[in-house]
Amino acid sequence: MSRALPPFPTPQEPTAELVLLEVGAGTDEPGLRADAARNRARLLDAAARLVAEHGAAGVTMEAVAAAAQVGKGTVFRRFGDRTGLLTALLDHSEKKFQASFLSGPAPLGPGAPPVERLRAFGCAALRRAADDLELQLAAEPCPDRRFVVPPRRVRHGHVVMLLRQAVPDADAELLAQTLMGYLEPALIHHLTRQCHMPMERLQAGWHDLVLRLTGTGTVR
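Please read all numbers here as calculations on a predicted model, not as lab measurements.

Conventions used here
Position numbers for residues count from 1 along each chain, tracking the sequence in the order it is written. In keeping with the model being predicted, local features are shown solely for residues with a pLDDT of at least 70 and side-chain atom pairs are shown and tallied solely at 80 or more, while totals for entire chains, interfaces and linings include all residues. Water and hydrogen atoms play no part in the side-chain values, which are based on all heavy atoms of the structure. Stacked, tilted and edge-to-face are the three classes assigned to paired rings of Phe, Tyr and Trp, where Trp is represented by its six-membered ring and a pair needs centres within 6.5 Å; plane angles under 30 degrees give stacked, over 60 edge-to-face, the rest tilted. Secondary structure is summarised from DSSP: a helix means a run of H or I of at least four residues, a strand means a run of E of at least two, and numbering begins at the N terminus for each. Salt bridge criterion: a side-chain nitrogen from Lys or Arg within 4 Å of a carboxyl oxygen from Asp or Glu. The cut-offs for exposure are 20% and 50% of the maximum accessible area for each residue type, with area from a 1.4 Å probe on protein chains only; residues under the lower value are buried, those over the upper are exposed, and the others partly exposed. As defined here, a cavity is a set of points on a 1 Å grid over the protein atoms alone where a 1.4 Å probe fits but cannot get out. A pocket is an open set with protein on both sides within 12 Å along at least five of seven lines, and residues line them when an atom is within 4 Å of a point. Grid points are joined across faces, edges and corners, and a volume is the space filled by probe spheres set on the points. Basically, the charged four are Asp, Glu, Lys and Arg, the nonpolar ten are Ala, Val, Leu, Ile, Met, Phe, Trp, Tyr, Cys and Pro, and anything else, Gly included, counts as polar. We call two N or O atoms a polar contact when they sit within 3.5 Å, provided that within protein one can donate a hydrogen and the other can accept it, with sequence-adjacent residues counted only if both atoms are side-chain atoms. Contact definition: two residues touch when any of their heavy atoms are within 4.5 Å.

Bringing the packing of aromatic side chains into the picture now. Considering all chains together, one arrives at four aromatic pairs under this definition. Ring geometry for Phe101 against Phe121: centres 5.2 Å apart, planes inclined by 85°, an arrangement best described as edge-to-face. Taken together, the residues span a long stretch of sequence, with Phe101 in helix H4 (residues 82-103) and Phe121 in helix H5 (residues 114-131) at a distance of 20 residues.

Right, dumping it as structure tokens:
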């Protein structure tokens, strides 16, 4: 690199706080009344039933309203649009995943070298995407929102932090985007469902990509 990158902030974990909709009673959402929390949980229960019975394609605002026996306007007021509703359904597992890489045990959580954490992060993200693949594809934001939704910003910030630790002279912002592209649900769907690649191959490819980008060798 021709010039040094600016120093990364001293905190060892991403400083951006993620505030997602809370699955269940919603008591962690500030200012949410008890009746509103119950209605929200009722709507999410109805949406989850539709996913189980008809897949993510069966989850429309109208269908959720009918299943929950409320007006369609109630669903729109609570979640904004279909993407917001599907994101709320994914919220619980996303929070668990974030907790695992922000404060869970090593090597995914703090305490392991940055390259080991990157390798563990990608493998965990691949497994989680495979578990909720249909729902994640349906919840994909439109192009102008795809890179700014809170979950992706938190993940990107985490990868940037680890890259800055592993390769301080690299353009961590852009390299992080390269790594994040490997974890896009659409690509995982293509590779696993259309190309019939096993998850073990995707995970080995992630290890190889991380090691090549960080200059620490290749997977044998």
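On to the pattern of salt bridges, then. On inspection of all chains with the given rule, the structure shows eight salt bridges. A salt bridge links Arg146 to Glu140, with the shortest nitrogen-to-oxygen separation between them at 3.6 Å. Residues Arg212 and Asp208 are paired through a salt bridge, measuring 2.9 Å at the closest nitrogen-oxygen approach. One end of the pair, Arg212, and the other, Asp208, are both in helix H10 (residues 199-214), four residues apart, so they sit about a helical turn from each other. Judged by its relative accessible area of 21%, Asp208 falls in the partly exposed class. Residues joined in a network through salt bridges with shared partners are Glu94, Arg128 and Arg155.

As a volume, the largest pocket reaches approximately 590 Å³. If you trace the largest pocket, you find 28 residues lining it, with Glu140, Pro141, Val149, Pro151 and Arg152 closest to the centre. Looking at the lining of the largest pocket, the elements that each hand over two or more residues are H4, H5 and helix H7 (150-166). For the lining of the largest pocket, the element with the highest residue contribution is H4, accounting for seven residues. Across the lining of the largest pocket, the residue classes tally to 15 nonpolar, four polar and nine charged.

The subject of this paragraph is the side chain of Thr214. By secondary structure assignment, the location of Thr214 is in helix H10. In terms of polar contacts, Thr214 uses its side chain to reach the backbone carbonyl oxygen of Val210, at 2.7 Å. At 3.4 Å, the side chain of Thr214 forms a polar contact with the backbone oxygen of Leu211. Once residues lying within four places of it in the same chain are set aside, the contact partners of Thr214 are Val115, Leu118, Leu163, Ala166 and Val167.

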